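Secondary and tertiary structure notes
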Amino acid sequence: MALPELHRFTLPNGLRVVLAPDPSAPVVGVSVHYDVGFRSEPEGRTGFAHLFEHLMFQGSESLEKLAHFRHVQSSGGTFNGSTHPDYTDYYQVLPSAALERALFLEADRMRAPKLTEENLRNQIDVVKEEIRLNVLNRPYGGFPWILLPPVLFQTFPNAHNGYGDFTDLENATVDDCAAFFDTYYAPGNAVLTVAGDFAPEAARALVEKHFGDVPARPVPVRPSFAEAPPKGELRAEHTDPHAPMPAIALGYRIPDPVADVEGYLTYLVLAGVLTDGDGSRLQQRLVHRDAIVVDVGAGCGLFGPLEARDPDTFSITAIHAPDVPSERVIAAVDEELLRLAEEGPSAQELAKVTARWVSTMHREHDRLTSRTLGLGSAELLFGRAELLYELPEKLAAVTTEDVAAAAKALRADSRAVLLLKPAGDVENDENNGGTE
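Going along each chain's sequence as written, the residues are numbered from 1 onward. Thresholds applied to this predicted model are a pLDDT of at least 70 for local features of residues and 80 or more for the giving and counting of side-chain atom pairs; totals over whole chains, interfaces and linings are not thresholded and use all residues. Side-chain figures throughout are based on the complete set of non-hydrogen atoms in the structure, without hydrogens or water.

Turning our eyes to something else, we now look at helix α16 (residues 400–409). For α16, every residue scored as buried is listed here: T400, V403, A404, A406 and A407. Seen along its axis, α16 keeps its buried residues to an arc of 160°; they face one direction. In α16, the exposed positions that point more than 90 degrees away from the buried face belong to E401 and K408. Whether two residues touch is decided by their heavy atoms; if any such pair falls within 4.5 Å, the residues are in contact. A run of H or I in DSSP becomes a helix once it reaches four residues, and a run of E becomes a strand once it reaches two; helices and strands are each numbered from the N terminus. Structurally, α16 contributes buried residues whose contacts are with α10 (261–275), α12 (326–343) and α13 (347–366). Buried means the residue's accessible area, taken with a 1.4 Å probe over protein chains only, is under 20% of the maximum for its type, while exposed means over 50%, and partly exposed covers the values in between. The arc in question is the one spanned by the directions pointing from the helix axis to the C-beta atoms.

With that out of the way, let us pick up the packing of aromatic side chains. Stacked, edge-to-face and tilted are the three classes for Phe, Tyr and Trp ring pairs, Trp counted by its six-membered ring, which pair at centre distances within 6.5 Å; planes under 30 degrees apart are stacked, over 60 edge-to-face, the rest tilted. Evaluated as defined, the whole model comprises 20 aromatic pairs. Taking the centre distance of 4.8 Å and the plane angle of 55° together, the rings of F52 and Y185 count as tilted. Here F52, found in helix α1 (residues 48–55), pairs with Y185, found in the loop between α8 (174–184) and β6 (190–196); they are 133 residues apart in sequence, far enough to count as distant. Assigned by exposure class, F52 and Y185 land together as buried. As a reminder, the over-ring test applies to NZ of lysine and CZ of arginine, requiring each to be within 6 Å of the ring centre and within 35 degrees of the ring normal. Above the face of the F57 ring, R109 is positioned so that its terminal group lies 4.6 Å from the ring centre.

Further remarks concern the side chain of R109. Relative to the helices and strands, R109 resides in helix α3 (residues 99–111). Leaving out residues up to four positions away in the same chain, R109 has contacts with M56, F57, H68, Y90 and F181.

Residue P144 is reached from F143 by a cis peptide bond, and omega for that bond is 0°. Along the chain, P144 turns up in the loop between α4 (117–136) and α5 (149–152). For the peptide bond that leads from D310 to P311, omega is 0°, which places it in the cis range. Among the structural elements, P311 can be located in the loop between β9 (293–300) and β10 (312–320). The phi torsion at L66 lies on the positive side, around 75°, for a residue other than glycine. Relative to the assigned elements, L66 resides in the loop between α1 and α2 (67–74). With a relative accessible area of 40%, L66 lands in the partly exposed category.

Quick look at the domain arrangement of the chain now. Domain borders in the structure are assigned automatically or taken from a domain database. Considered domain by domain, the chain is made up of domain 1 (7–212) and domain 2 (233–422). Inter-centroid distance (C-alpha atoms) of domain 1 to domain 2 is 28 Å. Tallying the contact residues gives 45 residues for domain 1 and 47 residues for domain 2. Buried area adds together the accessible area that both of two parts lose upon being put together, with accessible area traced by a 1.4 Å probe. Interface of domain 1 and domain 2: buried area, both sides summed, is about 3,600 Å²; carbon and sulfur atoms make up 72% of it. For domain 1, the biggest contributors to the area lost against domain 2 are Y140, F143 and L152; these three give 19% of the whole.

Here's what the structure looks like:
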């Protein structure tokens, strides 16, 4: 695949800019990625990075509340933001004639968001309701992305709940918000990406016009979140009041995606061999042959692949019938991993999985929103927006031997095991005086 031309420059205030022109459709995507996610939030302020993301939509010193929404939607555009382990992104996709409007809006809130007590209290309530909806009142809510990290990891940045504890959220103050903004939302701690239908020189002039006078501020030194892999199998149980069936999550450490992206991608292929489609190893074994689970999945990154720096997670999850012992499911998974480690996938299996991944990546890159966000995160995390276009070729180069080695590295004596039990099953166990 020919790599589309990218234009890259840095403003005097430190803002890194990536331009990716594509005249194929009259639309533009604009994103800003800040180098702060929930792994950077301080102890006692769990959920703060996500809460602050909400506050960035509550107006600025020059725009009233909801004005950002109206400007984008009245232009026929869409927008959103999201918080990840190591970054927070904001984006807009609009008709290309509205490029300057999008750049103004992002520069405006990078300069001075409106951080008020009213906005903070309102958004704490919004975030709490989001947590109730997505975690507390939903079957398997937070499984495994909130529940597995405290089993696999030992340090606060890697183990804590990034959605936030209600008490921590309620204790947040406007001073906390101002300090968080001053520390992490400096232009030198961000990447601006513009993709779509524009002339590069004209876009550069607009970027300089709107972002050039955003004051430079000190850029925080990025801490390392590295920690040693588990020395043994770590186990925990969680009782889910809404889940109808038990579930299992196995968590393993995988290579640092920044230092060894090819090694990381091997695990992406391994996940496909294990659970992608009816013909995959664990679907065939656990669902169709043994009939002991109703759902099984595997993947890199608890938010998705290539969304975090080291350390990252490879997880296998399964939902099984109450009368199937969890140890039987885990033993079957271990047998299939051992078989893959000894024999590797067949050439046909490997070709099917890599072709599916490559097709998915090309399809995602066709969508302007995904492309804009992908270029921005690749520039922020890897220092190379071009990586987005190189991934299909790197995936296609993964070999049978690579996948076998990855399967071998998923060791039972260095993993986390989370057993999720429905509340009804726990009550029955207690009443019967027995356990599984």
